[in-house]
Amino acid sequence: MSDNFHRNGPRRVGQVKEVTSLANPIIKDIKLLTDKKHREEAGAFLAEGLKLVIDALELGWTIRTLVYAKAAKAKPLVEQVAAKTVADGGLVLEVSEKVLSSITRRDNPQMVVGIFEQRWARLSDLKPQADQTFVALDRVRDPGNLGTIIRTADAAGASAVLLVGESTDPFSLETVRATMGSIFAMPVIRCSSEEFLSWQKGAGVSVVATHLAGAVDYRTADYTRKPVVLLMGNEQSGLPDSLARAADRTVKIPQQGRADSLNLAVATAVMLFEARRHLLTLEDKL
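Residues numbered from 1 in each chain as written. Predicted model: local features only at pLDDT ≥ 70, side-chain atom pairs only at ≥ 80, totals over all residues. Heavy atoms only, no water.

Enquirer: Tell me about the sheet that holds strand β6 (residues 133-138), and please be specific about residues and values.
Expert: With parallel pairing, 7 strands are arranged side by side in an open sheet as β8-β7-β6-β11-β9-β12-β10. Since the sheet does not close on itself, it has two edges, and those belong to β8 (188-191) and β10 (216-217), each with one partner. Here β10 runs beside strand β12 (residues 249-252); their pairing, made up of 2 bridges, is parallel. Looking at β12, one finds that Asp217 is bridged to Lys252. Taken strand by strand, helix α8 (residues 193-203) contacts β6, β7 (160-164), β8, β9 (206-210) and β11 (228-232), and its axis lies near 130 degrees from that of β7. Against the sheet, helix α10 (residues 264-275) engages β6, β9, β11 and β12, with an angle of about 160 degrees to β11. (Pairing = 2+ DSSP bridges. Helix = DSSP H or I, 4+ residues; strand = E, 2+ residues; numbered from the N terminus. Contact = heavy atoms within 4.5 Å. Axes fitted to C-alpha atoms, helices over the stretch in contact; angles between N-to-C directions.)

Quick look at the structure:
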């Protein structure tokens, strides 16, 4: 990968370029960001859609490159985002729809793509407070599940999503799509099982875990006395005994019917909205 997207190297900044060739080296660099290894090397990721780009900028994320289709050039909001990107020292690319399709791997791509610096929160910085809820996911594998959980955590008012063990990349194109922009609003933390268990001991939290051995109805657990961590297991194998034993409470979601399990994202949503039921109202947002 060239210097355009490297975390610490020089890059072309404050420029506007027109690109029509798929062989352009900058486009090749951008397309490499669909691979996890190159995302990690560059410390960057792709986000599709004008609304997502605007939301990210409003939340203080750093945009490295803005790519938009020629057809979107005259739109006032696109012009404003392009001007801000250049003013902040970023690169703006005006491209053909063919080039945009090759970047997003879609036949009908969004007209705008932003390339942002990755942002990871740190477990050591978490100081749980009353009425806060956290989601901890053990070795989540499916990008769609993770993206949906990040979006749901945002909607329910959770404070962070913890990725425990080897998990899918929250900055993959598929995951970012599934978050519908919540990747920019929800702190994401990665840690090992050992780091999570060590943090748990001194964090003053109540860990409620879903587990096959859980005999308690999830609706009977107390989610009000301490900050709550909802600990959810891997899609295939569930929660390992080492994590389940460390939980303050293991619970089950009652089911009726022939299905023997719930999708991870659905189960997490059920748990989240129950855990925060005493905090959620239908009052209009300010």
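Enquirer: Kindly report on the packing of aromatic side chains, identifying the contributing residues and their values.
Expert: Overall, the coordinates contain 9 aromatic pairs when judged by the stated rule. A ring pair is formed by Phe45 and Trp61, whose centres lie 6.0 Å apart and whose planes are at 80 degrees; its orientation type is edge-to-face. With Phe45 in strand β2 (residues 44-48) and Trp61 in the loop between α3 (50-58) and β3 (63-69), this residue pair connects regions lying 16 residues apart in the sequence. Here Phe45 and Trp61 have matching classes, each one buried. (Phe/Tyr/Trp six-rings, centres within 6.5 Å; stacked < 30°, edge-to-face > 60°. Buried < 20%, exposed > 50% of the residue type's maximum accessible area, 1.4 Å probe, protein only.)

Enquirer: Can you explain the packing of helix α1 (residues 25-32) against helix α5 (residues 97-104)? Please cite residues and give values.
Expert: Here α1 crosses α5 at 30 degrees, and the two axes come no closer than 8 Å. On the basis of the axis angle, α1 is roughly parallel to α5. Contact residues: Ile27, Ile30 and Lys31 in α1; Val99, Ser102 and Ile103 in α5. (Parallel < 35°, antiparallel > 145°, perpendicular 65-115°, else oblique.)

Enquirer: How would you sum up the nonpolar core? Please name residues and give values.
Expert: Counting residues in hydrophobic clusters, the biggest one holds 50 residues, and the most contacted among them are Leu66, Phe116, Leu137, Phe184, Tyr223 and Met271. Tallying contributions element by element places α10 first for this core, with 6 residues. In this structure Tyr223 touches Val208, Tyr218, Val228, Leu230, Met271, Glu274, Ala275 and His278, once residues within four positions along its chain are discounted. Leu126, Phe134, Leu162 and Leu231 belong to the second largest nonpolar core, which has 21 residues in total. (Core = buried A, V, L, I, M, F, W, Y, C linked by side-chain atoms within 4.5 Å.)

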